[in-house]
Amino acid sequence: MAASGHLVPSLEKRKLMSPSVSRRSSIDSMFTTASQFEPITLEDRIRITFEIANILQKQEFLRKLVKSLMLYGCPAHRLEYIMRHVSSTLGVDAEYVYMPNVMFMSVFDQGTHTTETHFIRQAQTFEMHKLGEVYRLEKLVAHGEVSVDEALQFIDSVANEPSFYPRWLNPFIYGVASFTASLIFFGGYWYDACISAGLAMILAFYEVFSGRIQSFQPIWEVTVCIIIGFVARAVTQYGFCFTPIAFASFVVILPGYGMAIAVIELVSRQLVSGVIRMVYAIIYSFLLGYGIEMGSQIYQLIDPDIINKGNTTECTRARDITICDIQRIDQRYFLLLVPLFALVYCMFVKARPVRWPTMIIVSVCGYVVNYLLQCYAHAPAQILQTVPAFTLGLLGNLYTKFTGKMSFDAVLLGVFYLVPGGLSIKAGYGMFSGDDTMGTQGASFALAMIESSIGITIGLFVATLVVYPKGSSHTPLMNF
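Residues numbered from 1 in each chain as written. Predicted model: local features only at pLDDT ≥ 70, side-chain atom pairs only at ≥ 80, totals over all residues. Heavy atoms only, no water.

## With respect to the overall build of the chain
The helix and strand tally for the chain stands at 19 helices and 3 strands. Burial status across the chain gives 51% buried among its 480 residues. Taking as baseline every contact in the chain between residues at least 6 positions apart, the subset at least 24 positions apart corresponds to 72%. When the accessible surface of the chain is totalled, it reaches about 22,000 Å², and 64% of it is carbon and sulfur. (Helix = DSSP H or I, 4+ residues; strand = E, 2+ residues; numbered from the N terminus. Buried < 20%, exposed > 50% of the residue type's maximum accessible area, 1.4 Å probe, protein only. Contact = heavy atoms within 4.5 Å. Areas by Shrake-Rupley, 256 points an atom, 1.4 Å probe, with all protein chains shown as cover.)

## Quick notes on the nonpolar core
Core analysis: the biggest nonpolar cluster contains 116 residues, and Phe61, Leu69, Phe250, Tyr257 and Phe480 have the highest contact counts within it. The greatest single-element share of this core, amounting to 10 residues, is contributed by helix α14 (residues 334–348). For Phe480, the residues in contact, after removing those within four places along its chain, are His77, Arg78, Tyr257, Ile261, Ile264, Phe408, Val411, Leu412, Val415, Leu460, Phe461 and Thr464. The next biggest cluster of nonpolar side chains, apart from the first, holds 7 residues, and it includes Val263, Met278, Ile282 and Ile450. (Core = buried A, V, L, I, M, F, W, Y, C linked by side-chain atoms within 4.5 Å.)

## Comments concerning the environment of Met103
Structurally, the position occupied by Met103 is in strand β2 (residues 102–109). For the pair Met103 and Lys67, spaced 36 residues apart in the sequence, the C-alpha separation amounts to 8.5 Å.

## Examining the side chain of Glu127
Relative to the elements of secondary structure, Glu127 occurs in the loop between β3 (114–121) and α4 (128–142). Although Glu127 is buried, it forms no salt bridge, and the closest oppositely charged side chain is Lys130 at an N-O distance of 4.0 Å. What Glu127 contacts, discounting residues up to four positions off in sequence, is Tyr72, Ser163, Val349 and Lys350. (Lys, Arg positive; Asp, Glu negative; His and termini not counted. Salt bridge = Lys/Arg side-chain N within 4 Å of Asp/Glu carboxyl O.)

## Looking at the sheet that holds β3
The 3 strands are arranged β1-β2-β3 in an open sheet whose pairing can be described as antiparallel. The outermost strands of the open sheet, each flanked by one partner alone, are β1 (93–99) and β3. Across the sheet, the mean angle separating the axes of adjacent strands is 15 degrees when strand polarity is ignored. Sheet analysis places β1 next to β2, joined by 7 bridges and oriented antiparallel. Bridge pairing in β2 links Glu95 to Ser106. (Pairing = 2+ DSSP bridges. Axes fitted to C-alpha atoms, helices over the stretch in contact; angles between N-to-C directions.)

## Focus on the packing of helix α7 (residues 190–211) against helix α9 (residues 242–249)
Axis separation between α7 and α9 bottoms out at 8 Å; the angle between their running directions is 30 degrees. Between α7 and α9, the crossing angle belongs to the class labelled roughly parallel. Of the two elements, α7 crosses α9, and the hand of that crossing is right-handed. Contacts between α7 and α9 pair Asp192, Ile195, Ser196, Leu199, Ala200 and Leu203 from the former with Pro244, Ile245, Ala248 and Ser249 from the latter. (Parallel < 35°, antiparallel > 145°, perpendicular 65-115°, else oblique. Left-handed = near helix turned anticlockwise from the far one by under 90°.)

## Quick look at the packing of α14 against helix α17 (residues 408–418)
Across the interface, α14 lies against α17 with an axial gap of 10 Å and an inter-helix angle of 125 degrees. One element, α14, and the other, α17, form an angle in the oblique class. Remark: the crossing between α14 and α17 carries right-handed chirality. Residue-level inspection shows Val338, Phe341, Ala342, Tyr345 and Cys346 of α14 in contact with α17, the latter providing Leu413, Phe416 and Tyr417.

Right, here's the structure in full:
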């Protein structure tokens, strides 16, 4: 690893290493001059062999690149655009079609009039450090500063680098995220947040356990929500509140980000993947709400009077509280809790500590703008999502434009503050419980989520348009 902590050198450092060498204009001997009607000499055979090897190397690099982008959390609506740009730079005639977790890559050979199609399957996760390394490699390839051999070595070294965060840290990440979310977003008190953190740690262990049993994976979210709903309802008899405990416990798996990405894909005219992702996000919300309500109802069968015991004035207030209301804790604690929530999510998306200050500053700016608009300007719902998203996108794009570094991780963190995941789960729970105060019903539930996601999408896209009105000249954009 380089002294700077990066596996892939920066574009400026690479140019200093080889200032007189540029491979951008080289086609790497794409075509042969030997005729099929003439005897092929030894030199022709050697040249043809090297040309075929070069073509296969390029295809191998493209396959590894798209797999890395999907694995490390590249914005889904940018995948096809990035791959077409890199393919054009390498002189490979290829087309791409993306669906959630699947990329179809078709490579055309104009010389032989043949087509080779690759089916690349990879579930999406978040690993922002490795995604940043891949972005640096994209810049080198786009400017012709690396050969295909070197690019393959770099991408393999990124893939083989061990994870910075150990697996045993996940329960603590989930716990602290739920603790802060209970206080910031769901009107909880300190003891509610502690119970929520404990349930979140159980969720983290449960996730590891479900990954070891193949047949258990499709229902692990529902079953863990049943446990959370059962425990959250049981502890209400001791003065705890159901809403801050239950909904904050699984804040890390809320489907709001998936809904926002679905709307972004639809706006980007990627209809197939956008529709699939949106339907999945809505159904996923219903599954989580169904699990919470089932767990609550199971405990009510054991103790029918539990509703009356837990229906206190404080809990009713916590259920309906908004960010502008007087909170159940001193709101000055938010000066620590909001950055702490961002810090935990930096670890959740596997960003290195050197990136934490930038990510926290950008995301907190988005939260502050949302708070000011909602509590002091009393802005309508459309403005509450669009303007903070525009602020995030503007800061991120300006950071990329002036530093040349990836800003997607910082904007992603800010979007986590804005996504309507909590709204969707409350509405889904309200549909199964019949409680109108927990969320809107039927079509209003879906429309509330979609409206919020559309506002986020418009704000991010307008910010990109302002900073990059004509797009980027060489390196493909890796942002929203």
